[in-house]
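Structure at a glance
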Amino acid sequence: MLRRPLLHRLPVQSVVVFRALHLGDMLCAVPALRALRTALPKARIALVGLPCAAQFVHRFSAYLDEFLPFPGHPLLPEQTVHHDDLPPFYATVCAREFTLAVQLHGSGDIANHIVSGFGATAMAGHSRGKPLTTEKTVLVPYPETGAEPERLLHLVGQLGAPVAGTHLEFPILREDEDELAASGLAEGLEPGTYICVHPGARQRDTCWPPERFARVADRLADEFGMRIVLTGSADEAPLAQAVADRMHAPAIIAAAPISIGAMAALMSRARLLVCNDTGVSHIAAGLGLNSVVIFSKADIARWAPLDRLRHRCIWDPGAERATVVLQHARTLLTGAEPSRQRAAGMWPYW
């Protein structure tokens, strides 16, 4: 006899979700979190994540009620392990007596062991082994293909959560707008009159060269009369300056010590984003901002935004395809698709 989905047979009053990853990866989980909230409108849902994810929980308070910082694990590379904090962390989580623990971190090779220590009544997650469904445990084979949001939706769907859309979100808060205004970075920038170019990435060896960004930015500024805004964190200011130094057109350097929310507020008023495969590409997807995303190492099928018309993803590990980047930037700015001859062999990726 087939069992009913776990959410249909277990009275879930509280959920703890584990996903200890950085912002771009967290944004890919938004459709799954939205589905969980739709299925469990009255449940208290907590996130266990990297310490920096506190702002993520604040931004997505419609789906998450609480944040519990994860002290780390020796086999997870995203953070340094704080060994002294591990016993009190697990004691605190277990004392909460969550009804359900959901592992949304990945394949489960390491994360399932972590989540099993949360002491929840029931547990669900992906695994590399055969599917397992018992009264209190649901382990679903990890999908080796597909986009990241769809992989995570696959898991919560197996639990009985209805899909509430595959789209990403990035809510702009009043505090983001206030911070941007106070920074002065947006002064004189009218909405729709500028293009954001984001030359950095968490892994610098995945970045497109500054001269390529400069070439594309110059051509777009010349052809469309748009201002160029170079975005990034304060640490990426030298990289933004390297792009500006190689440009003929004037550029506004907005790689500054502002929050990711303030930077997103700046991007939300742009006509286009040109960037590496990094977290801002998922912010653009959440904002509904047209983007050209340049990939060099990551699995493009997994990490490309789902809307392949609004977000053009180009594989260019050799930094040889600036002309293709320009072609698709022009398409997004004008709304005119390239000819069939030019597009042949380029779908769904370029």
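Residues numbered from 1 in each chain as written. Predicted model: local features only at pLDDT ≥ 70, side-chain atom pairs only at ≥ 80, totals over all residues. Heavy atoms only, no water.

So, the overall build of the protein chain
For clarity, the cut-off: Labels follow the DSSP assignment, with helices taken as runs of H or I lasting at least four residues and strands as runs of E lasting at least two, numbered in each case from the N terminus. The reference for a compact globule is 2.2 Å times residues^0.38; the radius of gyration itself is calculated from the C-alpha atoms. With a 1.4 Å probe rolled over the protein chains alone, any residue whose accessible area is under 20% of its type maximum counts as buried; one over 50% counts as exposed, and the rest are partly exposed.
If you tally the helices and strands in the protein chain, you get 15 helices and 13 strands. Here the protein chain has a C-alpha radius of gyration of 21 Å; the compact-globule value for 350 residues is 20 Å, and the two agree. In terms of overall dimensions, the protein chain has a C-alpha envelope of 65 × 45 × 35 Å along the principal axes. By residue count, 55% of the 350 residues in the protein chain fall in the buried class.

A look at the packing of helix α9 (residues 210-224) against helix α10 (residues 237-245)
The test is simple: To obtain an axis, a line is fitted to C-alpha atoms, over the contacting stretch when the element is a helix, and the angle between two such axes runs from 0 to 180 degrees between their N-to-C directions. By the definition adopted for this analysis, an angle is roughly parallel if under 35 degrees, roughly antiparallel if over 145, roughly perpendicular if from 65 to 115, and oblique otherwise. The sense of a crossing depends on the near helix, which, turned anticlockwise from the far helix by less than a right angle, makes the crossing left-handed and, turned clockwise, makes it right-handed. Only heavy atoms matter for contacts: two residues are in contact if any of them lie within 4.5 Å across the pair. Charged residues are taken to be Asp, Glu, Lys and Arg, nonpolar residues to be Ala, Val, Leu, Ile, Met, Phe, Trp, Tyr, Cys and Pro, and polar residues to be all remaining types, Gly included.
Running from N to C, α9 and α10 point in directions that differ by 55°, and their axes come no closer than 8 Å. In terms of orientation, α9 and α10 fall into the oblique class. The interaxial crossing formed by α9 with α10 has right-handed handedness. Of the residues in α10, those touching α9 at P210, F213 and A214 are L239, A242 and V243. In the contact of α9 with α10, the residues fall into six nonpolar, no polar and no charged.

Considering the side chain of Q103
Let me state the cut-off plainly: Identification of polar contacts relies on pairs of N or O atoms within 3.5 Å, with a donor-acceptor requirement for protein atoms, meaning one able to donate a hydrogen and the other able to accept it, and with residues adjacent in sequence counted only if both atoms are side-chain atoms.
For Q103, the position within the fold is in strand β4 (residues 100-103). On the basis of relative accessible area, Q103 is assigned to the buried category, the value being 0%. A distance of 2.9 Å separates the side chain of Q103 from the side chain of N112, its partner in a polar contact. In contact with Q103, not counting residues within four places along its chain, are F18, G108, A111, N112, V115, A124, G125, H126 and L155.

Quick look at the domain arrangement of the protein chain
Our working rule: Each domain's limits were defined by an automated method or a database of domain assignments. Buried area adds together the accessible area that both of two parts lose upon being put together, with accessible area traced by a 1.4 Å probe. A carboxyl oxygen of Asp or Glu within 4 Å of a side-chain nitrogen of Lys or Arg is what we treat as a salt bridge.
Here the protein chain is partitioned into domain 1 (6-159) and domain 2 (174-334). Both sides of the domain 1 and domain 2 interface together cover about 1,200 Å² of buried area, and 57% of this is carbon and sulfur. Where domain 1 packs against domain 2, one counts two salt bridges. For E148, the salt bridge is made with R302, and the minimal N-O distance between the two is 2.7 Å. Counting the contacts that link domain 1 with domain 2 gives five residue pairs in polar contact (both at pLDDT 80 or more).

Things to note about the packing of aromatic side chains
Stated precisely, the cut-off is as follows: The pairing test for Phe, Tyr and Trp rings, Trp by its six-membered ring, is centres within 6.5 Å, and the orientation test on the planes gives stacked under 30 degrees, edge-to-face over 60, and tilted for anything in between.
Inspection of the entire model under this criterion finds nine aromatic pairs. Ring geometry for F60 and Y63: centres 6.5 Å apart, planes at 20°, overall stacked. Here F60 matches Y63 in class, with each residue buried. Geometrically, the ring pair formed by F89 and Y90 is edge-to-face, given 5.0 Å between the ring centres and 75° between the ring planes. Among the aromatic residues, those joined into a cluster by ring pairs are F18, F70, F89, Y90 and F118.

Quick word on helix α11 (residues 260-267)
With seven of its eight residues buried, α11 lies for the most part within the structure. Buried residues of α11: G261, A262, M263, A264, A265, L266 and M267, and no others.

Observations concerning the sheet that holds strand β6 (residues 132-133)
Under the convention used in this document: By the convention used here, strands pair only if DSSP detects at least 2 bridges between them.
Strand order in the open sheet made by the seven strands is β3-β2-β1-β4-β5-β7-β6, with mixed pairing throughout. Bordering the open sheet on either side are β3 (66-69) and β6, each of which pairs with just one other strand. Two elements, strand β2 (residues 44-49) and β3, share four bridges in a ladder whose sense is parallel. Across the sheet, residue V48 finds its bridge partner in β3, namely L68.

Some remarks on the nonpolar core
Definition in use: Each nonpolar core is a collection of buried residues, namely Ala, Val, Leu, Ile, Met, Phe, Trp, Tyr and Cys, held together in the definition by side-chain atoms within 4.5 Å.
Judged by nonpolar contacts, the single largest core of 70 residues is most densely connected at L7, V17, L47, F56, L100 and L104. A total of six residues in this core trace back to one element, the largest contributor, which is α11. Mapped onto the domain boundaries, this core takes at least three residues apiece from domain 1 (6-159) and domain 2 (174-334). In this structure, A249, I294, V324 and A329 belong to the second largest nonpolar core, which totals 31 residues.

Concerning the pattern of salt bridges
Applying the stated criterion across every chain, the model contains 16 salt bridges. With its nearest N and O atoms 3.9 Å apart, the salt bridge here joins E135 to R9. Note that E135 is positioned in the loop between β6 and β7 (137-141) and R9 in helix α1 (residues 6-9), a separation of 126 residues in sequence. Residue classification places R9 among the buried positions, given a relative accessible area of 17%. The closest approach of N and O atoms between R174 and D178, which form a salt bridge, is 3.0 Å. With R174 and D178 both in helix α8 (residues 174-183), this residue pair falls four residues apart, about one helical turn. Relative accessible area serves as the criterion here: at 64%, R174 is assigned to the exposed category. Because the salt bridges share partners, they merge into one network encompassing R19, E148 and R302.

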